[in-house]
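# Summary of structural features
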Amino acid sequence: MITRMSSLFLRTLREDPADAEVPSHKLLVRAGYVRRVAPGGYSWLPLGLRVLRRIEDIVRDEMNGIGAQEIQFPALLPREPYEATGRWTEYGDSLFRLKDRKGLDYLLGPTHEELFALTAKSELSSYKDYPVILYQIQTKYRDEARPRAGILRGREFLMKDSYSFDLSDEGLERSYQLHRDAYVRIFDRLGLKYVIVKATSGAMGGSASEEFLAEAPTGEDTYVRSTESGFAANVEAVVTPAPPAQSTEDKPAAQAHPTPDTPTIETLVAFLNDSSLNTKADLGRTFTAADTLKNVLLKVRRPGDEEWQLLAVGLPGDREVDQKRLEASLEPAEVAMLEEADFAANPFLVKGYIGPKALQDNGVRYLVDPRVVTGTAWVTGADKVDHHVVDLVCGRDFTPDGTIEAAEVREGDPSPDGKGTLVAARGIEIGHVFQLGRKYADAFELDALDENSKLVRITMGSYGVGVSRLVAVIAEQSHDEHGLVWPREVAPFDVTVVIAGKSDEQIAAAEKIADELDSAGVRVLLDDRKASPGVKFADAELVGVPTILVVGRGLANGVVEVKDRRSGEREEIAVDGVVGHLTALVRG
RNA sequence: CGGGGUGUGGCGCAGCUUGGUAGCGCACUCGCUUUGGGAGCGAGGGGCCGCAGGUUCAAAUCCUGUCACCCCGACCA
């Protein structure tokens, strides 16, 4: 079927929509691929749906390729399975909940771990049934606090989610690797620039976890990568390389000094370096914030506990606490900063002058940044107003209870793999693979009988691809000032045929070429509208089909023009040979 | 949830300060001309100015309330 512009359900817009900020959002709306119908909800118009379906097909192809089997659950789900795993409450406000006419609770699925686990339980019972991988391509619902950027972050979106079921940890490892490899093939076929970063496994539990992030300056996720190696990681997952331990023998003795009005690192450093003020002891050295040890007081609460516990985190004074890293390190416990009331209840905590001594004397758990190793000397609080200790040596004068990844990661920090330094970059999450382990299998008692007739608890993996998001991500990575530029693998059509004139000969020639291309299996969009050539050229470029064939004034000389959308290069081709030329081009 | 902003034909906007019954561009319809880079001229169709109160002879405009949406952040993956 030749698609004709004259009857295609398409209206392009000359101006950007007022609510769009990012390029993909502007272009997908302008080029008539999608239309907004609600906050975070978009309808797919014919062009957009074609691209979406092509991406789906690629995902499906690669999933089937690793032996995964497609099924489909309802999006509308009963409460009970989610109650069993605790996610009915844990998922919080992001869960779309609703009631039926009888008042029973339902939800719109945000992910389907529960249903997959239950289905495996009801259908499979022998070790001979395993391993198995199931997947679906389903509309997901999440009541995002703030949907944004068009279809990049909606409240309704299309996701491929698959789940592996294995009898052993080794099996899970294999299933994980299969998915990881399949994802690499999917994203390569889509022509994306992306990185695979180590991720924290988050609230879902489990161990190994990696995210696929498409590189995009408009991305919401910040990650770091090494300037010299392939290392890339989510900021939350960066492990700080610890410097080698030093001798504690050759360090000067710790000394307390009066340091009036120095409750902050900034005031402290200024005071230490201002010899005119340092009446008691001119230390004859210059200090930086990195020489100070800042002790941040927090309270943590383990799930199920009523009581909060004090926790002190010691880190170099030139670094701030990164809330996300801190929380990821303490997961699943809750964390909060200390309030005035907490300080009042613990008088040994002298705000602005807290040191390791008081913490450890009073049994406060004390974790330090990995840079605080044995033999390093610090300026830190002396647990007395207006006093600090200089040359307090780790391993000699205090011994932390352990280390914690809580300090901010900065550009220029050494890469954890020892090669190069870190730089920050932005990305959009397009895929996530992780080993769930037995959390869901435990919740539903998902077991199989092994060769010895013994019950084995199944272990699961969960793997997601944001299918609808990929449409926007590709647009985000592949466009120019004229419009979209689709990679051939996902383009809504192979060729746009533009009739750049109105003569009967031109029309007839274009129709004939379109017809022959169609017969050859090339997907043709024929611009047969009675619009001016300028309008047609502009729309052809906006819509972004990879090859544009112009039938126009050259026809008198027996040639037509083939233009490559991405490079802008044009070449004249004899009319007789153009079908063969394009067919070869399209088949690559 | 905190901060900022906006609601006026399908889309993008002006008008609001200083009340007088709605306008511009794009798109759409018709006619004539035009046809290789978003054509020209002419004639049209389409808007209870987010909603509800209030002030006034008169409200898109002033006052009060309310709702919605967008952007930044927090949250979420």
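Rules and cut-offs
- Residues numbered from 1 in each chain as written.
- Chains lettered and ligands numbered in written order.
- Predicted model: local features only at pLDDT ≥ 70, side-chain atom pairs only at ≥ 80, totals over all residues.
- Heavy atoms only, no water.
- Domains from an automatic or database assignment.
- Phe/Tyr/Trp six-rings, centres within 6.5 Å; stacked < 30°, edge-to-face > 60°.
- Helix = DSSP H or I, 4+ residues; strand = E, 2+ residues; numbered from the N terminus.
- Buried < 20%, exposed > 50% of the residue type's maximum accessible area, 1.4 Å probe, protein only.
- Pairing = 2+ DSSP bridges.
- Axes fitted to C-alpha atoms, helices over the stretch in contact; angles between N-to-C directions.
- Near = heavy atom within 4 Å.
- Polar contact = N/O pair within 3.5 Å; in protein donor to acceptor, adjacent residues only side chain to side chain.
- Nonpolar A, V, L, I, M, F, W, Y, C, P; charged D, E, K, R; others polar.

## Focus: the domain arrangement of chain A
- By domain assignment, chain A separates into domain 1 (17-238 + 424-475), domain 2 (255-403) and domain 3 (493-587).
- One C-alpha centre belongs to domain 1, the other to domain 2; they are set 41 Å apart.

## Some thoughts on the packing of aromatic side chains
- This model, assessed by the stated rule, comprises 10 aromatic pairs.
- Measuring from centroid to centroid gives 4.7 Å for phenylalanine 73 and phenylalanine 116, while their planes differ by 75 degrees, and the two rings are edge-to-face. Taken together, the residues span a long stretch of sequence, with phenylalanine 73 in the loop between β4 (69-70) and β5 (76-78) and phenylalanine 116 in helix α5 (residues 113-123) at a distance of 43 residues. The residues phenylalanine 73 and phenylalanine 116 share a single accessibility class, namely buried.
- Aromatic pair phenylalanine 116 and tyrosine 163: ring centres 4.1 Å apart, planes at 35 degrees, arrangement tilted. Residue phenylalanine 116 is found in helix α5, and its partner tyrosine 163 is found in strand β9 (residues 156-166); the two are separated by 47 residues along the sequence.

## Quick look at the sheet that holds β5
- A sheet is described by the order of its strands in space; here three strands give the open sequence β5-β7-β6, paired in antiparallel fashion. Because the sheet does not close on itself, it has two edges, and the strands there are β5 and β6 (96-99). Neighbour-to-neighbour, the strand axes of this sheet turn through a mean angle of 40 degrees, independent of strand direction.
- The pairing of β6 with strand β7 (residues 105-108) spans four bridges and is classified as antiparallel. By the bridge assignment for β7, lysine 99 is matched with aspartate 105.

## Re the protein's contact with RNA strand B
- Around RNA strand B sit 39 residues, and of these Arg14, Arg153, Asp221, Glu429 and Arg553 come closest.
- Within 4 Å of the protein, the contacting atoms of RNA strand B are 50% sugar and phosphate, with bases supplying the remainder.
- Between RNA strand B and alanine 18, the relevant distance is 3.3 Å, taken from a phosphate oxygen to a main-chain nitrogen or oxygen of the residue.
- Only α14 (533-543) and β31 (559-564) provide two or more residues apiece to the surface near RNA strand B.
- If one sorts the elements of the surface near RNA strand B by residue count, α14 sits on top with seven residues.
- For the surface near RNA strand B, the per-class residue count stands at 11 nonpolar, five polar and 23 charged.

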